[in-house]
Amino acid sequence: MAHEPLTHGDVVLEGFLALGTPEGFRAELIEGEIAVTPPPDGEHEDYINLIVGQVYRRSVTEMDFPGNKGLKLTGGGACPRNHAIPDATFAPASLRLFRGADPWTPCDGVAMVVEVTSSRAAVDRESKRRCHARGGIPVHLLVDRDSSSLTLFSDPGGDDYLQARKGPFGNPMPLPEPFSFDLDTAAFL
């Protein structure tokens, strides 16, 4: 029986899906590269906590927040599919998007992802942003610890977001629908 030859992207994807990741570590397949990262530090988690708390309390639309949700995203370049784990993922609670979902789930219905820069800041700033845009996720919020700023990317179009709004820590960051509130970043300082 003849089989189609495997592409480089197929081999990388198969190797990634078979990868045994040490407890607490995060493995992702981003633009054809496998990235394994250690557990985040306390400052990283504090930013996530501040954002999640405000989304729960202030969002016009009730949101679900699954911790460490793996998303399957449209690929690009040498990778047929990307597999990313955003630092935070939000979807309208009414969708119950994550109930019964596989560890790696499609991103349809996700309203916003958040990335906080870590030891692989370039991946957080660029590669993951492009992956989320390709997946059609409407809003990508980047918390950049190196520049003490936030950037809200919106309007995904192809390989990137068409809109970007940047502001320093301490200034409010308006979040669009379905959130519809100003994210208070004073505690980020």
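Before going into details, it helps to say that this report is about the structure given with it. (Residues numbered from 1 in each chain as written. Predicted model: local features only at pLDDT ≥ 70, side-chain atom pairs only at ≥ 80, totals over all residues. Heavy atoms only, no water.)

**Details of the overall build of the protein chain**
Thinking step 1. If you tally the helices and strands in the protein chain, you get 3 helices and 13 strands.
Thinking step 2. Counting only residues that meet the buried cut, the protein chain has 46% of its 189 residues in that class.
Thinking step 3. Restricting to contacts in the protein chain with at least 6 residues of sequence separation, those with at least 24 account for 55%.
Thinking step 4. As presented, the protein chain carries roughly 9,500 Å² of accessible surface, and 49% of it is formed by carbon and sulfur atoms. (Helix = DSSP H or I, 4+ residues; strand = E, 2+ residues; numbered from the N terminus. Buried < 20%, exposed > 50% of the residue type's maximum accessible area, 1.4 Å probe, protein only. Contact = heavy atoms within 4.5 Å. Areas by Shrake-Rupley, 256 points an atom, 1.4 Å probe, with all protein chains shown as cover.)

**Overview of the nonpolar core**
Thinking step 1. Of all hydrophobic cores here, the largest spans 24 residues; its most connected members are Ile51, Phe90, Met112, Val114, Leu141, Val143 and Phe179.
Thinking step 2. Of all the elements, helix α2 (residues 42-58) adds the most residues to this core, at 5 residues.
Thinking step 3. Apart from residues no more than four positions distant in its own chain, Ile51 is found in contact with Phe90, Val114, Leu141, Val143, Leu183 and Phe188. (Core = buried A, V, L, I, M, F, W, Y, C linked by side-chain atoms within 4.5 Å.)

**Some words on the pattern of salt bridges**
Thinking step 1. Per the stated rule, a full pass over the model turns up 7 salt bridges.
Thinking step 2. A salt bridge links Arg125 to Asp144, with the shortest nitrogen-to-oxygen separation between them at 2.5 Å. With Arg125 in helix α3 (residues 121-134) and Asp144 in strand β9 (residues 139-144), the pair connects residues that are 19 residues apart, well separated along the chain.
Thinking step 3. Accessibility expressed as a relative area gives 24% for Arg125, which makes it partly exposed. (Salt bridge = Lys/Arg side-chain N within 4 Å of Asp/Glu carboxyl O.)

**With respect to the pairing of strand β8 (residues 112-116)**
Thinking step 1. By the criterion of burial, β8 is predominantly enclosed, with 5 of the 5 residues buried.
Thinking step 2. Of the two faces of β8, the one lined by Met112, Val114 and Val116 and the one lined by Val113 and Glu115 are each fully buried.
Thinking step 3. As judged from the 5 bridges shared by β8 and β9, these two strands associate in the parallel manner. By the bridge assignment for β9, Met112 is matched with Val139.
Thinking step 4. The parallel pair β8 and β9, bridged by α3, forms a crossover whose chirality is right-handed. (Pairing = 2+ DSSP bridges. Right-handed = clockwise from strand over helix to strand, strands pointing away.)

**A word on the side chain of His44**
Thinking step 1. Relative to the assigned elements, His44 resides in helix α2.
Thinking step 2. For His44, a relative accessible area of 3% translates into the label buried.
Thinking step 3. The contacts of His44, once residues within four sequence positions are left out, are Asp87, Val116, Thr117, Ser118 and Arg145.

**Notes on α3**
Thinking step 1. Relative to the 20 Å expected for 14 residues at 1.5 Å per residue, α3 spans 20 Å between its end C-alpha atoms, a close match to the ideal helical length.
Thinking step 2. If you look at α3, its biggest bend is around 30 degrees, right at Lys128.
Thinking step 3. The buried fraction of α3 amounts to 10 of the 14 residues, a majority that puts the element mostly inside the structure.
Thinking step 4. Looking at α3, one finds that the buried residues are Ala121, Val123, Asp124, Ser127, Lys128, Arg129, Cys131, His132, Ala133 and Arg134. (Expected span 1.5 Å × (residues − 1). Bend = angle between axes of the 7 residues up to and from the residue.)

**Notes on the pairing of β9**
Thinking step 1. Burial runs high along β9: 6 of the 6 residues are buried.
Thinking step 2. Residue alternation in β9 divides its side chains into two sets, Val139, Leu141 and Val143 and His140, Leu142 and Asp144, and both sets are buried.
Thinking step 3. Where β9 meets strand β10 (residues 149-157), 6 bridges bridge the pair, whose relative direction is antiparallel. Bridged to Leu142 within β10 is Thr151.
Thinking step 4. Adjacent in sequence and paired antiparallel, β9 and β10 are bridged by 4 residues, among which Ser148 carries a positive phi angle near 50 degrees.

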